[in-house]
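This is what each chain is made of:
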Amino acid sequence: MNTPRPFIRIATLLTGLVLASSGLAQSGNDGPLRFDFNLAAGHQSEVDLEDGARFQMDRWFANAGITYAWDRRHSLGLTVGTGSSSFEFASDPGSAPAWAWRDIEEMRVSMTGRFKISQRVSGFMIPSIRKTGERGARSSDSQTWGLYGAAAWYINDGLTIGPGFGVFSRLDRSTQAFPVLLIDWDITERWNLSTGGGLAASRGPGLLLSYSVSDYWRFGLLGRYEDFEFRLGPEGPAPGGVGRQQSLPIVLTAELIPGDHGSVSIFLGAEFGGELTLRDKDRTTIRFTEYDPALVAGVTLSIKF
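All figures in this text were calculated on a predicted structure; none of them were measured in a lab.

1. A few points about the overall build of the protein chain
Okay, step 1: Helix and strand counts for the protein chain come out as 1 helix and 16 strands.
Okay, step 2: Looking at the protein chain residue by residue over its 305 residues, the buried ones come to 43%.
Okay, step 3: In the protein chain, of all internal contacts separated by at least 6 residues, the share reaching a separation of at least 24 is 58%.
Okay, step 4: Total accessible area on the protein chain stands at roughly 15900 Å², and carbon and sulfur atoms take up 58% of it.

Structure follows, in structure tokens:
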């Protein structure tokens, strides 16, 4: 896998930042106000498309949030995030490029509300607004909204589980709804199954099976469904149209947790079932292709204080 220099620089930066985050554990904040910061970077190796072209991609995303907790069962938070996905397409000599998008910019604002439903049940609501588009795309045409809702039952000290749903608008002015499972299950003292995270492109959360080797190291297997849709700019084969990338990444993770207020993790795996779709501004599909499994790798940093 040919890893580009920007990805290496970001990985090096995050590795250094985790040393600083470990110091935050010495001065924890026990008050009702909490802050968190997350930074992630990922690389997808070059892969062949069915139409003879090739592409690779680099992605980074960062968000910062603030949460006020009245007590252990009631809280309200605000998170602001931004990022970019850089696609690099290549075609055989003498053939015209079929896919022309390159840098996709992302912005997201979301709120998180947690509240008590009963003695053993907590409710969650997460409304959000996103802007995802190629550089030069109209901002008003790149916006979508979303809502997660869930109820989680506290079964015992080792298991919290509950159903949820997600509803998202799409750039073609349709609406998508899907079920979500919230789970945090300590299968044994070291094994855990929980709702997993990602690089912020996903419509719904994935699942993470993890094993704690010690208080500082945790390894896991993460799978999730990625659905990344974006508005295209005024140039290219579909001006003002919509691009879409769908895939199922399954990765191995290794997480270093130097303290309660910081962690850094790396992941390595493969992306399966990859699809690219290109639609014009009238919502007509003008190109669709599947692509071979691709290697994916990345690093994430989380700081809380």
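Once you've had a look at it, read on.
2. Quick look at the side chain of Gln-246
Okay, step 1: Along the chain, the position of Gln-246 falls in strand β13 (residues 242–259).
Okay, step 2: A polar contact of 2.7 Å, which involves the side chain of Gln-246, links it to the side chain of Tyr-225.

3. Here's the deal with the pattern of salt bridges
Okay, step 1: Counted under the stated rule, the structure contains 11 salt bridges.
Okay, step 2: A salt bridge links Arg-138 to Asp-141; its shortest N-O distance comes to 3.6 Å.
Okay, step 3: Asp-227 is paired through a salt bridge with Arg-244; the nearest N and O atoms lie 2.9 Å apart. Taken together, the residues span a long stretch of sequence, with Asp-227 in strand β12 (residues 226–231) and Arg-244 in strand β13 at a distance of 17 residues.

4. Observations regarding the environment of Ser-91
Okay, step 1: Note on placement: Ser-91 falls in the loop between β3 (75–90) and β4 (103–116).
Okay, step 2: In this structure Ser-91 comes out as partly exposed when scored by relative accessible area, which is 26%.
Okay, step 3: Along the backbone, Ser-91 and Ala-53 are 38 residues apart, and their C-alpha atoms lie at a distance of 4.7 Å.

5. Digging into unusual backbone geometry
Okay, step 1: In the Ramachandran plot, Arg-173 falls in the positive-phi region, its phi being about 75° despite a non-glycine side chain.
Okay, step 2: Here Arg-173 shows up in the loop between β7 (159–169) and β8 (175–186).
Okay, step 3: Among the residues examined, Arg-173 registers a relative accessible area of 63% and is labelled exposed.
Okay, step 4: Even without being a glycine, Arg-283 presents a positive backbone phi close to 70°.
Okay, step 5: Along the chain, the position of Arg-283 falls in the loop between β14 (262–279) and β15 (285–291).

6. A word on the packing of aromatic side chains
Okay, step 1: Applying the stated rule across the entire model yields 16 aromatic pairs.
Okay, step 2: Aromatic pair Phe-168 and Phe-178: ring centres 6.1 Å apart, planes at 10°, arrangement stacked. You can see Phe-168 sitting in strand β7 and its partner Phe-178 sitting in strand β8, a full 10 residues away along the chain.
Okay, step 3: Note on Phe-228 and Phe-230: the rings are 5.2 Å apart at their centroids and 50° apart in plane angle, and the pair reads as tilted. Like Phe-230, Phe-228 is buried.
Okay, step 4: Grouping aromatic residues by their ring pairs yields a cluster made of Phe-55, Phe-87, Phe-89, Trp-101, Phe-228, Phe-230 and Tyr-291.
Okay, step 5: Positioned above the aromatic ring of Phe-228, the side-chain terminus of Arg-59 is 4.3 Å from the ring centre.

7. A closer look at the pairing of strand β6 (residues 143–156)
For a regular strand, the rule is simple: side chains alternate between the two faces of the sheet.
Okay, step 1: Summarising the sheet, strand β5 (residues 121–134) and β6 pair through 11 bridges and their orientation is antiparallel. Among the inter-strand pairings, Ile-129 is bridged to a residue of β6, identified as Trp-145.
Okay, step 2: Direction of pairing for β6 relative to β7: antiparallel, over a ladder of 8 bridges. Residue pairing across strands places Gly-146 opposite Phe-168, the latter belonging to β7.
Okay, step 3: Count of turn residues in the β6/β7 antiparallel hairpin: 2 residues.

8. Thoughts on the side chain of Asn-192
Okay, step 1: Residue position: Asn-192 is located in strand β9 (residues 191–196).
Okay, step 2: We classify Asn-192 as buried; its relative accessible area is 12%.
Okay, step 3: Looking at Asn-192, its side chain comes within polar contact range of the side chain of Ser-194, at 3.4 Å.
Okay, step 4: The residues contacting Asn-192, other than those within four sequence positions of it, are Asp-184, Trp-185, Asp-186, Ile-187, Leu-208, Leu-209 and Ser-210.

The rules we used
Residues numbered from 1 in each chain as written. Predicted model: local features only at pLDDT ≥ 70, side-chain atom pairs only at ≥ 80, totals over all residues. Heavy atoms only, no water. Helix = DSSP H or I, 4+ residues; strand = E, 2+ residues; numbered from the N terminus. Buried < 20%, exposed > 50% of the residue type's maximum accessible area, 1.4 Å probe, protein only. Contact = heavy atoms within 4.5 Å. Areas by Shrake-Rupley, 256 points an atom, 1.4 Å probe, with all protein chains shown as cover. Polar contact = N/O pair within 3.5 Å; in protein donor to acceptor, adjacent residues only side chain to side chain. Salt bridge = Lys/Arg side-chain N within 4 Å of Asp/Glu carboxyl O. Phe/Tyr/Trp six-rings, centres within 6.5 Å; stacked < 30°, edge-to-face > 60°. Lys NZ or Arg CZ within 6 Å of the ring centre and 35° of its normal. Pairing = 2+ DSSP bridges.

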